[in-house]
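# Per-entry structural report
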Amino acid sequence: MSPERIIAKLLALGADLSTRSAVRAALSLISEDEEELTDQIYVELKNKAYKDDFVKIPPEKRAVFIPQCLRNIRSCPAEFGKYGFECVKCGLCVIGDIIEYCEKIGYKQFYIVPGGSLVKKILKEMVPKGEIKAAIGIACWSELAEAAEKLSMLKIPLQAAPLLRAGCINTLVDIERVKATLEIGTERYNKPITCKSMETRKNPSVS
Ligand code: SF4
């Protein structure tokens, strides 16, 4: 059964799905208590629950956390700095493309992190300064579920994009899902091309 159908079934039963442990308990009632499924359902529910708050935050105040395991480990020339790996967009992995797309639609904060401890450090530093008001996480389901729990305590709305293949190296992500997640609510912050500039492009003689 798909996660969406399981969620619908649990909601129809009136199950409490407000926390990760409540989701786990609810799944065990219908004999579906697999750990990854618990995390997946919890994350998908949080994605929906936080969407309205997330869209209110402009892209420049949203932090994008990208797992370092997506890098081309053998040949990546990125150096490790204060806030994680500093991608030079060498073209050897998908991270450069993700960052380029982020920049195109107004994001300014991307962190290529080796794990949760650096994420915590970044949040500890940036959230009180008002630099980070929302987050996008790309990770495995269990890390996303942990992040969703912690960020909800900090009142930081999270939108999560799961890895298709998890692990320590050679992980895989659905780039279209990442782009769709990055795009959530950005249209209101990205200025459309004005009529005048469009006309000017169509007809160079217009001054
Ligand atoms: S695109 Fe960035 S992260 Fe990927 S291998 Fe190149 S420098 Fe490293």
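Rules used throughout
- Residues numbered from 1 in each chain as written.
- Predicted model: local features only at pLDDT ≥ 70, side-chain atom pairs only at ≥ 80, totals over all residues.
- Helix = DSSP H or I, 4+ residues; strand = E, 2+ residues; numbered from the N terminus.
- Buried ≥ 20, exposed ≤ 12 C-beta atoms within 10 Å, placed from the backbone.
- Core = buried A, V, L, I, M, F, W, Y, C linked by C-beta atoms within 7 Å.
- Contact = placed C-beta atoms within 7 Å.
- Arc of directions from axis to C-beta.
- Near = placed C-beta within 6 Å.
- Nonpolar A, V, L, I, M, F, W, Y, C, P; charged D, E, K, R; others polar.
- Pairing = 2+ DSSP bridges.
- Right-handed = clockwise from strand over helix to strand, strands pointing away.

### Digging into the overall build of the chain
In terms of helices and strands, the chain carries 8 helices and 7 strands. Every one of the 207 residues in the chain was classed for burial, and the buried ones make up 30%.

### Things to note about the nonpolar core
Among the nonpolar cores identified, the biggest contains 46 residues, and Val64, Phe65, Ile66, Ala135, Leu144, Ala148 and Leu158 are the most heavily contacted of them. Ranked by residue count, the leading element in this core is helix 6 (residues 141-154), at 6 residues. Every residue in contact with alanine 148, bar those within four places of it in the chain, is listed here: Tyr42, Val43, Lys46, Leu158 and Ala160.

### Remarks on helix 4 (residues 94-104)
Every buried residue of helix 4 is listed here: Ile95, Ile98 and Cys102. Projection of helix 4 onto a plane perpendicular to its axis shows the buried side chains occupying an angular sector of 60°, all on one side. Those residues of helix 4 that are exposed and angled more than 90 degrees off the buried face are Glu100 and Lys104. Where helix 4 is buried, its residues contact strand 1 (62-67), strand 4 (109-113) and helix 7 (175-183). With its phi angle positive at about 105°, glycine 106 sits one or two positions after the end of helix 4.

### Section: the site of the ligand
In the region of the ligand, 13 residues are neighbours, and Cys76, Cys87, Cys90, Cys93 and Gly96 sit closest. The class makeup of the residues in the shell around the ligand is 9 nonpolar, 2 polar and 2 charged.

### Some thoughts on the pairing of strand 6 (residues 158-165)
Two elements, strand 5 (residues 134-139) and strand 6, share 5 bridges in a ladder whose sense is parallel. From the neighbouring strand, isoleucine 138 faces strand 6, where its bridge partner is alanine 161. With helix 6 bridging strand 5 and the parallel strand 6, this β-α-β connection has right-handed handedness. As paired strands, strand 6 and strand 7 (residues 172-173) are joined by 2 bridges and run antiparallel to one another. What sits directly across from arginine 165, in strand 7, is leucine 172.

### Here's the deal with the environment of leucine 154
With respect to the helices and strands, the residue leucine 154 is situated in helix 6. Using a count of 13 C-beta atoms within 10 Å as the deciding quantity, one classes leucine 154 as partly exposed. A C-alpha to C-alpha distance of 9.4 Å links leucine 154 and leucine 123, two positions 31 residues apart in sequence. Sequence-distant contacts of leucine 154, that is, excluding residues within four places in its chain, are made with Leu123 and Val127.

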